[in-house]
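# Topology and contacts: notes
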Amino acid sequence: MAKITVCIPTFNRVHLLPYAIDSVLNQSEQDFELIVCDDGSSDRTPELMSQYTDHRIKYIRHLQNIGKSNNMRSGFDAASGEYFIKFDDDDRLTPDFLASTAAILTQDSSIDFVGTDHWIIDINNVRDEVKTQENSHRWGRKNLPAGVVDNLLEVVFIQQSFQVGATLFRRKTLQELGYMQPNLQNCEDNDLFVRLALAGKKGYYLPELLMEYRSHAEQQGINRAIPYLFDKIRYLENYKFEFEKIETIRKNRLTETQLLLGLRLIENGETQKGRELVLAGKSFSTAKAWTGLGLSLLPVGLRGKAFNALRQMRG
């Protein structure tokens, strides 16, 4: 049994997957197993995986697409390590990630997971120091002290400081919670951290840049935004927090997400559902809501240009 299980879920990323795999093989901590779970890729991913001969690599291929969270769960179910990390097929671990995070879990058995800060890299694997600093500040990691996090629910829900791909977990802790929720394609990581906090689990923050998160064009676009916003609503509706401050923020984020999704649907021609969501979220911004309702009266073919013009004006 390996000390650490590293899981890389993948789907049609044969051009980026080798960088992710190599980042694991080049770890200073070599006591690991690597599980690559393939969600029915139609590119050359199977051919790529056949070229790896390292016995520590396991390849799970689903012949049909079973969905993001279900694919992740298949990798988790196959894991045998005491510790577990999942990171995306377009990201990378720095060479000391496993050694640095595992050392903390080994030293203190009461800690359930260790999260780190991370670099922002581009499609060419170049680190962007400015964007990295902005990202760390945006998600509250700049002011998050090293060590066990006292106010964990606030940190993972309000600040959203922990990134699942930059976090090493005790596998038994994840087993207790059932790991990722099935059939949730987006916000599954946010949901996991909230459930960990509500279950009284202990998280540790290590303020070192030990993972590389890739920012690239594939992550953008309306077709990606709409499913994400639907899942974000589902995630936010799952909870009702007893702490007034956190519950107020949840409600505010829910109305914001309803409004944003409604606007996206109107832009995309799904007028009726879009209007319903805009009205549900109008308390977040009455001006945006009425603007969206006004644009919903335009012919569908003109809406994209109108929405883009408004974005440029705001920009």
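Residues numbered from 1 in each chain as written. Predicted model: local features only at pLDDT ≥ 70, side-chain atom pairs only at ≥ 80, totals over all residues. Heavy atoms only, no water.

## Re unusual backbone geometry
How we decide: Only DSSP runs of H or I reaching four residues or more are called helices, and only runs of E reaching two or more are called strands; each is numbered from the N terminus. Only protein chains enter the calculation, and the probe is 1.4 Å; a residue is then buried if its accessible area is under 20% of its type maximum, exposed if over 50%, and partly exposed in between.
The backbone phi angle of Asn12 is positive, close to 50°, even though this residue is not glycine. Mapped onto the elements, Asn12 comes out in the loop between strand E1 (4–10) and helix H1 (17–25). Residue Asn12 is classed as partly exposed on the basis of its relative accessible area of 27%. Notably, Asn125 is not glycine yet its phi reads approximately 70°, a positive angle. By the element assignment, Asn125 lies in the loop between strand E6 (113–121) and helix H5 (129–138).

## Comments concerning the UniProt feature "domain: Glycosyltransferase 2-like" (unreviewed entry) in the protein
Spelled out, the test is: UniProt positions are given in the numbering used here, feature names are shortened, and annotations may be inferred rather than shown by experiment.
Residues annotated in UniProt with the feature "domain: Glycosyltransferase 2-like" (unreviewed entry) correspond here to residues 5–119. End C-alpha to end C-alpha, residues 5–119 measures 22 Å, and it is 31% helix and 27% strand.

## Digging into the packing of helix H10 (residues 244–267) against helix H13 (residues 300–314)
This is how it is decided: Axis angles are defined between N-to-C directions and span 0 to 180 degrees, where every axis is a line fitted to C-alpha atoms and, for a helix, only to the segment in contact. Orientation is classified from the angle alone, with under 35 degrees giving roughly parallel, over 145 giving roughly antiparallel, 65 to 115 giving roughly perpendicular, and any other angle giving oblique. Residue contacts follow a heavy-atom distance rule, with two residues in contact if any of their heavy atoms lie within 4.5 Å. Only Asp, Glu, Lys and Arg are considered charged, only Ala, Val, Leu, Ile, Met, Phe, Trp, Tyr, Cys and Pro nonpolar, and every remaining residue, Gly among them, polar.
Between H10 and H13, whose axes approach to 8 Å, the crossing angle comes to 135°. As the angle between them shows, H10 and H13 are arranged oblique. Along the contact surface, H10 presents Leu263, Arg264, Ile266 and Glu267, while H13 presents Arg303, Gly304, Phe307, Asn308 and Arg311. Here the contact of H10 with H13 is composed, by residue class, of three nonpolar, two polar and four charged.

## Some details on the pairing of E6
What counts, and what does not: Strand pairing is defined by DSSP finding a minimum of two bridges between the two strands.
Buried residues dominate E6, accounting for nine of its nine residues. In this structure, E6 lies alongside strand E8 (residues 167–170), joined through three bridges in antiparallel fashion. Bridge pairing in E8 places Val114 opposite Leu168. Relative to strand E9 (residues 203–214), E6 runs parallel, the two sharing eight bridges. Looking across to E9, one finds that Thr116 is bridged to Leu206.

## Some words on the pattern of salt bridges
So the rule is basically this: Counted as salt bridges are all cases of a side-chain nitrogen of Lys or Arg within 4 Å of a carboxyl oxygen of Asp or Glu.
For the coordinates displayed, the defined rule picks out 17 salt bridges. Of the charged contacts, one joins Glu188 and Lys68 as a salt bridge, the two residues approaching to 3.5 Å between their closest N and O atoms. Linking Glu188 in helix H8 (residues 188–198) with Lys68 in helix H3 (residues 68–77), this pair joins segments that are 120 residues apart in sequence. Take Glu188: its relative accessible area is 3%, and that puts it in the buried class. Ionic contacts of the salt-bridge type, sharing partners, join the residues Arg13, Asp89 and Asp90 into one network.

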